Amino acid sequence: MKKILQSLALGALLATTALAGAAHADGEKFVWISHGPDSDSWFNVIKNAIKVTNEQMHVETEYRNPPTGDLADMARIVQQSSAAGVDGIIVTIADYNVLEGPIKDAVAKGIPVVTVNSGTVEESQKLGALLHVGQPEYEAGLGAGKRAKEAGVKSFVCVNHYITNPASVERCRGFADGIGVELGNQMIDSGIDPSEVQNKVKAYLTANKDTGAILTLGPNSAEPSIRAVKEMGLDGDIYFGTFDLSSEISAAIKDGTINFAIDQQPFLQGSIPIQVLTNYVRYGVAPANSIFTGPGFVTKDNIALVESLAGQYR
């Protein structure tokens, strides 16, 4: 019976998508607003998902972001999109306090909003969004910490390349709680300059030789940390977990430098909000609950399944 229901649901979704494309050839206009700076390669998967989903749903979705990651600039982008009268806004809740006003203004104008990636379901509801699509960050960090604890880890350093984003701190806090230690000074503000990240990681590990694990929060901090660990001859000796995927992270999983990567499936984060807004604008229907896209753990055991898709679909 379960398989029959799943088949019926899939058939209904495909039929709705096909009808939507036929009935709305010109397409609605949406905007997908991220907090990621231009230098953050993780959002390349989001951009690819937008391109693919635009073609599937026959809509126009513009990806916009603050080039340097400045959140005040991001808030202005939300305001500009609202003033332009787009059909829907997709936005990360990088900082609730900074973005609350512009997002609530858009909702008050009748523009449907889907929050994505950063932030929580509770914050999304307070903003008046239809729903939230993403990964519960604290829970993801907690799961990673429990995995590290099982491996005997008792201390760590969390390399936070975007410390102004509260969600990033939740990842580090969850990891600390999973291990059973205080976060404290075990989180470092690394910045996003690769050389600076690498030097700060090396300095921390040199000053704290008993560090049992490294947690990085994405390619911007993971890739320089990989180089730091290898330069210090610690690859394979220090427990290493990271959020997100890239070709360099995948290679480090294969060679044993990284123990796991947490995949929050950015392709789904890029695609699902567009699908939700399209069906809401056209037919007034939307899922009743928020949608979690992670966490999922990528290790040596399953890296072959995702390696060839990293940077494009994973």
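Residues numbered from 1 in each chain as written. Predicted model: local features only at pLDDT ≥ 70, side-chain atom pairs only at ≥ 80, totals over all residues. Heavy atoms only, no water.

A few points about the overall build of the protein
Step number 1: Per the secondary structure count, the protein includes twelve helices and twelve strands.
Step number 2: Expected size for 314 residues packed as a compact globule is a radius of gyration near 20 Å; at 20 Å, the protein falls within 12% of this value.
Step number 3: Here the protein, with 314 residues, has 52% of them falling under the buried criterion.
Step number 4: In the protein, 73% of the contacts between residues at least 6 apart in sequence involve partners at least 24 apart.
Step number 5: Accessible surface computed for the protein: about 13,700 Å², of which carbon and sulfur atoms make up 52%.
Step number 6: Averaging the positions of the 25 positive and the 35 negative side-chain charges in the protein gives two centres separated by 4 Å. (Helix = DSSP H or I, 4+ residues; strand = E, 2+ residues; numbered from the N terminus. Rg over C-alpha atoms; globule rule 2.2 N^0.38 Å. Buried < 20%, exposed > 50% of the residue type's maximum accessible area, 1.4 Å probe, protein only. Contact = heavy atoms within 4.5 Å. Areas by Shrake-Rupley, 256 points an atom, 1.4 Å probe, with all protein chains shown as cover. Lys, Arg positive; Asp, Glu negative; His and termini not counted. Charge placed at Lys NZ, Arg CZ, Asp CG, Glu CD.)

Observations regarding the confidence of the model for the protein
Step number 1: Per-residue confidence for the protein averages 91 on the pLDDT scale, and 92% of its residues sit at or above 70.
Step number 2: Low pLDDT, under 50, characterises residues 1-25; the stretch is placed with twelve contacts to residues that sit more than four places away or in other chains. (pLDDT = per-residue confidence, 0-100.)

Re the environment of Ser271
Step number 1: Along the chain, Ser271 falls in helix α11 (residues 266-283).
Step number 2: Along the primary structure Ser271 and Val133 are separated by 138 residues, whereas in three dimensions their C-alpha atoms are 9.9 Å apart.

So, the packing of helix α2 (residues 43-57) against α11
Relative orientation and spacing of two packed helices are given, respectively, by the angle between their axes and the distance between those axes.
Step number 1: Close contact between α2 and α11 brings their axes to 7 Å; oriented N to C, the two are set at 35°. As for how α2 packs across α11, the hand of that crossing is right-handed. For the pair formed by α2 and α11, the contact residues are Val45, Ile46, Asn48, Ala49, Ile50, Val52, Thr53, Asn54 and Met57 on the first element and Pro266, Phe267, Gln269, Gly270, Ser271, Ile274, Gln275, Thr278, Asn279 and Arg282 on the second. (Axes fitted to C-alpha atoms, helices over the stretch in contact; angles between N-to-C directions. Left-handed = near helix turned anticlockwise from the far one by under 90°.)

Side note on the sheet that holds strand β7 (residues 187-189)
Step number 1: The strand order across the open sheet formed by six strands is β7-β6-β8-β9-β10-β12, and the pairing between neighbours is mixed. If you trace the sheet from one side to the other, it starts and ends with β7 and β12 (296-298), each paired once. Across the sheet, the axes of successive neighbouring strands diverge by a mean angle of 20°, strand direction being ignored.
Step number 2: In terms of strand pairing, strand β6 (residues 156-160) meets strand β8 (residues 213-216) through four bridges, oriented parallel. Bridge pairing in β8 places Val157 opposite Ile214. (Pairing = 2+ DSSP bridges.)

Some words on the nonpolar core
Step number 1: The biggest cluster of nonpolar side chains holds 23 residues, and the ones touching the most others in it are Leu205, Ile214, Leu245, Ile249, Ile253, Ile258 and Val298.
Step number 2: Of all the secondary-structure elements, those providing two or more residues to this core are β6, α8 (194-207), α9 (219-231), α10 (247-254) and α12 (303-306).
Step number 3: Once residues within four sequence positions are removed from consideration, Ile253 is found in contact with Leu245, Ile258, Ala261, Val298, Thr299, Lys300 and Ile303.
Step number 4: Of all hydrophobic cores here, the second largest spans 21 residues; its members include Val31, Val78, Ala94 and Ile111. (Core = buried A, V, L, I, M, F, W, Y, C linked by side-chain atoms within 4.5 Å.)

Looking at the state of the cysteines
Step number 1: Within the structure shown, the criterion is met by one disulfide.
Step number 2: The residue that forms a disulfide with Cys158 is Cys172, at a sulfur-sulfur distance of 2.0 Å. One disulfide, between Cys158 and Cys172, carries an S-S torsion of -55° and so falls in the left-handed class. Placement of Cys158 in strand β6 and of Cys172 in helix α7 (residues 166-179) is noted, with a sequence separation of 14 residues between them.
Step number 3: Looking at Cys158, the relative accessible area reads 0%, which means it is buried. (Disulfide = S-S within 2.5 Å.)

Considering the environment of Asp70
Step number 1: For Asp70, the position within the fold is in the loop between β2 (60-64) and α3 (71-84).
Step number 2: Taking the relative accessible area as the measure of exposure, Asp70 reaches 35% and is therefore partly exposed.
Step number 3: Between the alpha carbons of Asp70 and His35 there is a distance of 7.6 Å; along the sequence they are 35 residues apart.
Step number 4: Here Ala72 takes part through its backbone nitrogen, which lies 3.3 Å from a polar atom of the side chain of Asp70.
Step number 5: Within polar-contact distance, the side chain of Asp70 engages the backbone nitrogen of Asp73 at 2.8 Å. (Polar contact = N/O pair within 3.5 Å; in protein donor to acceptor, adjacent residues only side chain to side chain.)

Quick look at the packing of α9 against α10
Step number 1: It is at 9 Å that the axes of α9 and α10 come closest, and there the two elements cross at 45°. Taken as axis vectors, α9 and α10 run oblique relative to one another. Judged by the twist between their axes, the crossing of α9 over α10 is left-handed. Here α9 contributes Pro219, Ala222, Glu223, Ile226 and Arg227 to the contact with α10, which in turn contributes Glu248, Ile249 and Ala252.
Step number 2: Of the residues in the contact of α9 with α10, the class split is five nonpolar, no polar and three charged. (Parallel < 35°, antiparallel > 145°, perpendicular 65-115°, else oblique. Nonpolar A, V, L, I, M, F, W, Y, C, P; charged D, E, K, R; others polar.)

Topic: unusual backbone geometry
Step number 1: Following Gly294, the chain continues to Pro295 via a peptide bond in cis, the omega torsion being 10°.
Step number 2: On the secondary structure map, Pro295 appears in the loop between β11 (291-292) and β12.
Step number 3: Within the chain, Asn117 stands out as a residue other than glycine whose phi angle is a positive 70°.
Step number 4: Relative to the helices and strands, Asn117 resides in the loop between β4 (113-116) and α5 (121-127).
Step number 5: Judged by its relative accessible area of 5%, Asn117 falls in the buried class.
Step number 6: Although it is not a glycine, Gln265 sits at a positive phi angle of roughly 55°.
Step number 7: Along the chain, the position of Gln265 falls in the loop between β10 (260-263) and α11.

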